[in-house]
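The lines below spell out each chain.
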Amino acid sequence: MRSQSCLLAILLSSALVTARAEERPADAQPVPCSAGKALGSRYTPVNLYLGAVECAKQPATFEAATNMFVLAGVYGRYDILRVKDESAHQAVSVMRMAIDGHLSHAFRQHLRHMAGSELGKLQLCAMVQRAGPPAYFPSYMVQHGLHSTQAALHGRAPTSPLH
């Protein structure tokens, strides 16, 4: 299917990623709904999921919320592939569980409709392609892994967290 292949292409385009530690985003702030139609690659899944929760409150901003929700999932999967510490990979699942109760039935229906229609998938895929691969360091994930915690407990610097 075309939409799956384009998402895979985004995930595998790691050569384009130039995320360095100094590019880490500020505190976890929700992406504003106004940015939901033109998302950039600097937003982490944390920022995107928080923004999706805010934008999913009103039908007028469901499109922005859907874009944020989908991009958060794609970027979360990308981060799982690039972070070495498997114990840190649960960060994405934990975020999804944390926001689950804050998404309305109406938004869930809208999300299912977009994911279930070929046109919706193509629109979402085009949005992901426009955003491009992540341009941030996945500190939200790395900081919660056992490798970072164990290194801190033993007073050593953690090893390189990325593949």
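Structure: see above.
This section reports on the structure supplied with the text.

Calculation criteria
- Residues numbered from 1 in each chain as written.
- Predicted model: local features only at pLDDT ≥ 70, side-chain atom pairs only at ≥ 80, totals over all residues.
- Heavy atoms only, no water.
- Helix = DSSP H or I, 4+ residues; strand = E, 2+ residues; numbered from the N terminus.
- Buried < 20%, exposed > 50% of the residue type's maximum accessible area, 1.4 Å probe, protein only.
- Contact = heavy atoms within 4.5 Å.
- Disulfide = S-S within 2.5 Å.
- Axes fitted to C-alpha atoms, helices over the stretch in contact; angles between N-to-C directions.
- Parallel < 35°, antiparallel > 145°, perpendicular 65-115°, else oblique.
- Left-handed = near helix turned anticlockwise from the far one by under 90°.
- Expected span 1.5 Å × (residues − 1).

1. Topic: the overall build of the protein
Of regular secondary structure, the protein possesses eight helices and zero strands. For the protein, the succession of helices and strands along the chain, N to C, is α-α-α-α-α-α-α-α. The proportion of buried residues among the 163 residues of the protein is 44%. The long-range fraction of contacts in the protein, counting pairs at least 24 apart against all pairs at least 6 apart in sequence, stands at 76%.

2. What to know about the state of the cysteines
Throughout the structure, instances matching the rule amount to one disulfide. Note that C33 is cross-linked by a disulfide to C55, the S-S spacing being 2.0 Å. As the torsion about the S-S bond is roughly -120°, the C33-C55 disulfide counts as left-handed. Highlighted residues: C33 in the loop between α1 (2–11) and α2 (45–55) and C55 in helix α2, separated in sequence by 22 residues. With a relative accessible area of 27%, C33 lands in the partly exposed category.

3. A closer look at the packing of helix α3 (residues 62–82) against helix α5 (residues 105–116)
The interhelical angle for the contact between α3 and α5, taken along N-to-C directions, is 65°, at an axis separation of 10 Å. Considering their axes alone, α3 and α5 lie roughly perpendicular with respect to each other. As for the relative orientation of α3 and α5, their crossing is right-handed in sense. Contacts between α3 and α5 pair F62, E63, A65, T66 and F69 from the former with A106, F107, H110, L111 and M114 from the latter.

4. Here we look at the side chain of D79
Within the element layout of this structure, D79 appears in helix α3. Exposure remark for D79: the relative accessible area of 0% places this residue in the buried category. When sequence neighbours within four positions are dropped, the list of residues in contact with D79 reads P45, P134, Y136, P138, Y140 and M141.

5. A few points about α3
Counting along an α-helix, one turn takes 3.6 residues, and residues three or four places apart therefore face a common direction. Here α3 is 21 residues long and its end C-alpha atoms lie 30 Å apart, about the 30 Å a rise of 1.5 Å per residue gives. Counting buried residues in α3 gives 16 out of 21 residues, a clear majority hidden from the surface.

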